[in-house]
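Here are the chains, one letter per residue:
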Amino acid sequence: MQRALRLSKLGLVCTIILLVFSMLAAACGSNSNNNNSSGTSGNAAKNDSGATANKAATTDSTNNTASDNSTDAAANTSADLPEVKLTWYFPGNWPQPEQEKVFAEVNKVIKSKINATVDFKAIPFGDFDQKMQVVIASGEPYDITFTAGWINNYTQNVAKGAFLPLDDLLAKYAPQTYASMPASFWDATKIKGQIYGFVNQQISARTPAVAVPQSLIDKYGLDMNTISAKIGPDTLNLLEPFIQAVKKDNPQKYPVVGIDPDFFNIEAIVGINVPGVVAFNDDSLTVVNQFESDGFKKFLATLRDWNAKGYMNAKERLSKKTDDWTDGKAGKFIFNIGGAFKPGGANLDSALGGEPYAEVPAGTAHLTTGGITATMQAINRNSKNPERAMMLLELLNTDKDLYNLLNFGIKDDHFKIDSDGLMIPGDNQQGYNPQVPWMFASNFLANVEKGMPADVWEQTKKVNADALPSKLLGFTFDAEPVKGEIAKATAVWDEYSRAISLGVTSDEKYNEFLAKMKTAGAEKIIAEMQKQINDWKAGQ
């Protein structure tokens, strides 16, 4: 009996000891699981909640909080990260006289926060496409590149296997940026269900801007209200009396009209350079060849007429790949139709043109997949440091001071902040003034410039929210089945596009262009686009 009692007591002690150890183990396991699940579920809640994403995208305080969190996280982790050097290709108004000075200051910040430095490959707009074609084809090492439908074509490069899927990297290394945008924005970047483009938030609802020097408006009496939202391929001639009046006194000046899908009220499936578009008002979502459309042919006829009348100064412009703002700054523009109309856009025109500009929308803004994906970064599939590349993109999208340093230069040197908190030119602005604030990260982090509405970024977000959604919003094309045909069509466009845009292409030459597009595979491309759209529509 006593032996049994002793065994019973011993068993009780052992049971208690085992229970204590089990509780300690459970507590440790619970703490570990809670840490992991809170991070995961927190990201999932942010990414799955449209309300949370929209609130993050539209609240200024979010940017400040994000900046603080980014700084704290970097302080805790940068010392633990091995130092790396990243290479980043991007286009713009380069070179700038003091760009290396600014890039060095930017690298000091990046080094302190994520223990990385960046080799900034700043390429002029007109050279960027060709440069990236060579870089990607040759396998030259790089980490990040700017991409869109209009330059360094996103869809084509994904089809080539040039870019890395970003879904896992975004969730792990850029959670704040990922959560700051509605899911529909990330969906717009998906090809075969995967994200390959890191969106720079800016104006996504797009119609071209009609930008005109204020001095010409005043001198020649152009009423901007009479052309606002009324300029398209059928109505370009509304501007002819103004062109005639300006040309009479200023033969060196000329009009610039970009060939942009939104100008034609169409959504380009790959880009304006590749056959295959759907009209905004077409409920059937029928894909057509834009180059054979009545709208494009009317546009071409107007440009030919303007060239025949001597408006276009085509001879001096033909040797340049594109028109750019260096000519605007030299006082050569009568007007410039292109880009995207946006609140505060006239400030950017004025800075680029070197004199005050006014602008109005050419037409009605539409929210399109192409508008959302018009400004993105991609990571090289062969990058040796994709995690750090994503950390860099997160840093630039959450650190307001760093963003403004890269975009506008050194405070109190290249720019200043006045007593009202608005940005004004610094004494040395000419040293660094690239004027591409949408190039590197979210435009909503930019300093508000003097002359812009104080709530310019809230206005921009409202334009995005109020725009008419394209009937194709959310559809992304997988170019893989026709990537060879797209490459051939792009080469044909590159051969003829400059002459087309200046109105020097004869009927014979234009028919030759159409024939070459057909030989390149235009019909096959359009058939594949239609097939994918039909499948997408059936699943809606």
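Residues numbered from 1 in each chain as written. Predicted model: local features only at pLDDT ≥ 70, side-chain atom pairs only at ≥ 80, totals over all residues. Heavy atoms only, no water.

Identification of the protein as DUF3502 domain-containing protein from Paenibacillus albus is taken from an unreviewed UniProt entry.

Further remarks concern the overall build of the protein. Helix and strand counts for the protein come out as 22 helices and 18 strands. When the 540 residues of the protein are sorted by exposure, 53% land in the buried category. Within the protein, counting contacts between residues at least 6 apart in sequence, those at least 24 apart form 78% of the total. With the model as given, the accessible surface of the protein reaches about 24100 Å², and the carbon-plus-sulfur share is 54%. (Helix = DSSP H or I, 4+ residues; strand = E, 2+ residues; numbered from the N terminus. Buried < 20%, exposed > 50% of the residue type's maximum accessible area, 1.4 Å probe, protein only. Contact = heavy atoms within 4.5 Å. Areas by Shrake-Rupley, 256 points an atom, 1.4 Å probe, with all protein chains shown as cover.)

Turning to helix α19 (residues 456-466), a few remarks are in order. Taken residue by residue, α19 has Val456, Trp457, Thr460, Lys461 and Asn464 as its buried positions. The buried residues of α19 occupy an angular sector of 140 degrees when projected down its axis, which confines them to one face. When the buried face of α19 is taken as reference, the exposed residues oriented beyond 90 degrees from it are Lys462, Ala465 and Asp466. (Arc of directions from axis to C-beta.)

Here Asp418 lies in the loop between β16 (415-417) and β17 (423-425). At 2.9 Å, the side chain of Asp418 forms a polar contact with the backbone nitrogen of Asp420. If we skip the residues at most four places from it in the chain, Asp418 touches Ile424 and Lys450. (Polar contact = N/O pair within 3.5 Å; in protein donor to acceptor, adjacent residues only side chain to side chain.)

Turning to the environment of Phe90, a few remarks are in order. Along the chain, Phe90 turns up in strand β1 (residues 84-92). Using a relative accessible area of 0% as the deciding quantity, one classes Phe90 as buried. For the pair Phe90 and Met132, spaced 42 residues apart in sequence, the C-alpha to C-alpha distance is 9.3 Å. Look past the residues within four positions of Phe90 in its chain and what remains in contact with it is Phe103, Phe120, Lys121, Ala122, Ile123, Phe128, Phe146, Met439 and Phe440.

Here we come to unusual backbone geometry. Residue Pro95 is bonded to the preceding Trp94 through a cis peptide linkage, with omega at 0 degrees. Its place among the elements puts Pro95 in the loop between β1 and α4 (99-114). Located in the positive-phi region is Asp412, a residue other than glycine, with phi close to 70 degrees. Among the secondary structure elements, Asp412 is positioned in the loop between α18 (400-408) and β16. What makes Asp412 exposed here is its relative accessible area of 55%. Of note, Gln435 is a non-glycine position whose phi angle comes to about 55 degrees, a positive value. Its place among the elements puts Gln435 in the loop between β17 and α19.

Across the sheet, five strands lie side by side as β2-β1-β3-β15-β6; this open sheet has mixed pairing. Both outer strands of the open sheet, β2 (116-124) and β6 (198-199), are each paired with one neighbouring strand and no more. Judged from the four bridges that link them, strand β3 (residues 144-147) and strand β15 (residues 376-379) form a sheet pairing that is antiparallel. Note that in β15 the partner of Ile144 across the bridge is Ile379. (Pairing = 2+ DSSP bridges.)

This next bit is on the pairing of β3. Successive side chains on a regular strand alternate, one facing one side of the sheet and the next facing the other. Here β3 shows a buried face lined by Ile144 and Phe146 and a second buried face lined by Thr145 and Thr147. With two bridges connecting them, β1 and β3 associate as parallel partners. Paired with Trp88 across the two strands is Ile144, which belongs to β3.

Under the counting rule described, the total for this entry stands at 29 salt bridges. With a closest N to O distance of 3.1 Å, Arg498 and Asp323 form a salt bridge. Here Asp323 lies in the loop between α13 (314-317) and α14 (325-329) and Arg498 lies in helix α20 (residues 483-501), a separation of 175 residues in the sequence. For Arg498, a relative accessible area of 12% puts it in the buried group. By relative accessible area, Asp323 is classed as partly exposed at 23%. Counted as one network, the salt bridges with shared partners bring together Glu98, Lys101 and Asp413. (Salt bridge = Lys/Arg side-chain N within 4 Å of Asp/Glu carboxyl O.)

Most of strand β13 (residues 357-361) sits out of view: five of its five residues are buried. With burial as the criterion, each face of β13 is covered, one bearing Tyr357, Glu359 and Pro361 and the other bearing Ala358 and Val360. Sheet topology places strand β8 (residues 209-213) next to β13; five bridges connect them, and they run antiparallel. Looking at β13, one finds that Pro213 is bridged to Tyr357.

So, on to the sheet that holds strand β14 (residues 366-367). Pairing in this open sheet of three strands is mixed, and the strands run β7-β14-β18 from one edge to the other. Only two strands of the sheet have a single partner each, and these edge strands are β7 (205-206) and β18 (468-469). Relative to β14, β7 is paired through two bridges, and the arrangement is antiparallel. Note that in β14 the partner of Ala205 across the bridge is Leu367.

This next bit is on helix α5 (residues 125-138). Helix length check: α5 (14 residues) gives 21 Å between terminal C-alpha atoms against 20 Å at 1.5 Å per residue, within 8%. Of the surrounding secondary structure, the elements contacted by the buried residues of α5 are β1, β2, β3 and α6 (154-159). A positive phi of about 75 degrees marks Gly139, the residue just after α5. (Expected span 1.5 Å × (residues − 1).)

Attention now goes to the nonpolar core. Grouped together as the largest cluster of nonpolar side chains are 80 residues, with contacts concentrated most on Trp88, Phe90, Ile110, Phe120, Leu170, Leu392 and Leu406. Beyond its immediate sequence surroundings of up to four residues, Leu170 is in contact with Pro175, Tyr178, Trp186, Ile195, Phe198 and Met390. Membership of the second largest hydrophobic core comes to 66 residues, among which are Phe264, Val287, Leu472 and Ile526. (Core = buried A, V, L, I, M, F, W, Y, C linked by side-chain atoms within 4.5 Å.)

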